[in-house]
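Remarks on the overall topology
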Amino acid sequence: MYDELNGRVALVTGAATGIGRHTAVAFAQAGARVTIADVNVEKLKETLSMIEDAGGTGLLTRTDVSDPKQVEEMIEKTLEEFGQLNYACNNAGIGGEMKRTADFSVEEWDRLIGINLKGQWLCMKQEILAMLENGGGSIINVASILGTVGFDQAALYTASKHGLVGLTKAAALEYAEENIRINAVCPGFIDTPMLEQAGITSDPETRQAIEGLHAMGRLGSSDEIADAVLWLSSNRSSFVTGHTLLVDGGYTAR
């Protein structure tokens, strides 16, 4: 479907499970060579096997996106192995606990913002520098519906995703004339291990309640988000930059 991705180079952070894993495999199926990054090496190895089973080529790198040096090394390894960087999906992130705003600790703020917002900026910084060297590229930041609306007892997560949407728009304006497109995908609730760990999909009543918040009456799938990322990477979205693409089953339409 996306022939122009064949032979190009993509990077996916948070690729050990869920959206990141499915996006990395989708890039490989389209013919791209893929760097996959995460802190969970064992799960990352599973993703690498899936890439190879799909006939693709992958490069595994253990990367904590909140660490500037590790992010620099991730990009350096990609360029050493593949020679360029054409697409980047910044997906790494954490959910955090559910509690009211005043009940969060400073440590919780620093950790969540450090990964979800600072980490995304650190990745963008290095990705942009690499893409400037090869004449352009496409960056997709995985934000959330909570980058556009609020959610009770998720103030830190909501703040991080609102910040990421703003960061995406500002960077898109800065690099548009240098052929780097920068967009955000804002998923609704997606059926991933993160939701299972939060007890949302493992408890039938909670799952039903969350599904009911979406006009389509269901959770989304990781493949549906991966499809959006590949479209934003491809030439089919060549006039799209600074955009916040809601893939939310009608959650925000209510």
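Residues numbered from 1 in each chain as written. Predicted model: local features only at pLDDT ≥ 70, side-chain atom pairs only at ≥ 80, totals over all residues. Heavy atoms only, no water.

When its secondary structure is counted, the chain shows 8 helices and 7 strands. For 254 residues, the compact-globule estimate of 2.2 N^0.38 gives 18 Å, and the C-alpha radius of gyration of the chain, at 17 Å, lies within 12% of that figure. When burial is assessed residue by residue, the chain has 49% of its 254 residues classed as buried. Considering only contacts within the chain whose residues lie at least 6 apart along the sequence, 70% involve residues at least 24 apart. Just so you have it, the chain exposes about 11,700 Å², and 50% of that area is on carbon and sulfur atoms. Here the chain carries 20 positive and 34 negative side-chain charges, and the mean point of each set is 1 Å from the other. (Helix = DSSP H or I, 4+ residues; strand = E, 2+ residues; numbered from the N terminus. Rg over C-alpha atoms; globule rule 2.2 N^0.38 Å. Buried < 20%, exposed > 50% of the residue type's maximum accessible area, 1.4 Å probe, protein only. Contact = heavy atoms within 4.5 Å. Areas by Shrake-Rupley, 256 points an atom, 1.4 Å probe, with all protein chains shown as cover. Lys, Arg positive; Asp, Glu negative; His and termini not counted. Charge placed at Lys NZ, Arg CZ, Asp CG, Glu CD.)

One open sheet accounts for 7 strands, arranged E3-E2-E1-E4-E5-E6-E7; its pairing is parallel. Both edges of this open sheet fall to strand E3 (58-62) and strand E7 (244-247), since each of them pairs with a single strand only. Taken pair by pair, the neighbouring strands of this sheet meet at an average axis angle of 15°, ignoring direction. Contacts from helix H3 (residues 68-82) reach strand E1 (9-13), strand E2 (33-38) and E3 within the one sheet, and its direction differs from that of E3 by about 160°. (Pairing = 2+ DSSP bridges. Axes fitted to C-alpha atoms, helices over the stretch in contact; angles between N-to-C directions.)

One pass over the full model with this rule turns up 3 aromatic pairs. With 5.9 Å between their ring centres and 55° between their planes, Phe151 and Phe189 make a pair best called tilted. With Phe151 in the loop between strand E5 (137-142) and helix H5 (155-175) and Phe189 in the loop between strand E6 (180-187) and helix H6 (193-197), the pair connects residues that are 38 residues apart, well separated along the chain. On the accessibility criterion, Phe151 (25% relative accessible area) is partly exposed. Relative to Tyr251, the ring of Phe189 has its centre 6.1 Å away and its plane inclined at 40°; by these criteria the two rings are tilted. Of the two residues, Phe189 sits in the loop between E6 and H6 while Tyr251 sits in the segment after E7, which places them 62 residues apart along the sequence. The two residues Phe189 and Tyr251 agree in class, both being buried. An aromatic cluster is defined as three or more aromatic residues linked by ring pairs; in this entry it consists of Phe151, Phe189 and Tyr251. (Phe/Tyr/Trp six-rings, centres within 6.5 Å; stacked < 30°, edge-to-face > 60°.)

A cluster of acidic residues, Glu72, Glu76, Glu80 and Glu81, forms a negative patch on the protein surface. Mapped onto the secondary structure, Glu76 falls in helix H3. (Patch = residues over 30% accessible without salt bridge, like charges linked within 9 Å, V, L, I, M, F, W, Y side chains within 5 Å. Salt bridge = Lys/Arg side-chain N within 4 Å of Asp/Glu carboxyl O.)

Let us look at the pattern of salt bridges. Applying the stated criterion across every chain yields a total of 9 salt bridges. Between Glu46 and Arg21 there is a salt bridge whose closest N-O contact spans 3.1 Å. Note that Glu46 is positioned in helix H2 (residues 41-53) and Arg21 in helix H1 (residues 18-29), a separation of 25 residues in sequence. Accessibility expressed as a relative area gives 37% for Glu46, which makes it partly exposed. Taking the relative accessible area as the measure of exposure, Arg21 reaches 13% and is therefore buried. Here Glu46 makes a salt bridge to Lys43, at a shortest N to O gap of 3.9 Å. On the criterion of helical spacing, the pair formed by Glu46 and Lys43 is a turn pair, its members being 3 residues apart in helix H2. Each of Arg21, Lys43 and Glu46 takes part in salt bridges that share partners, so that together they form one network.

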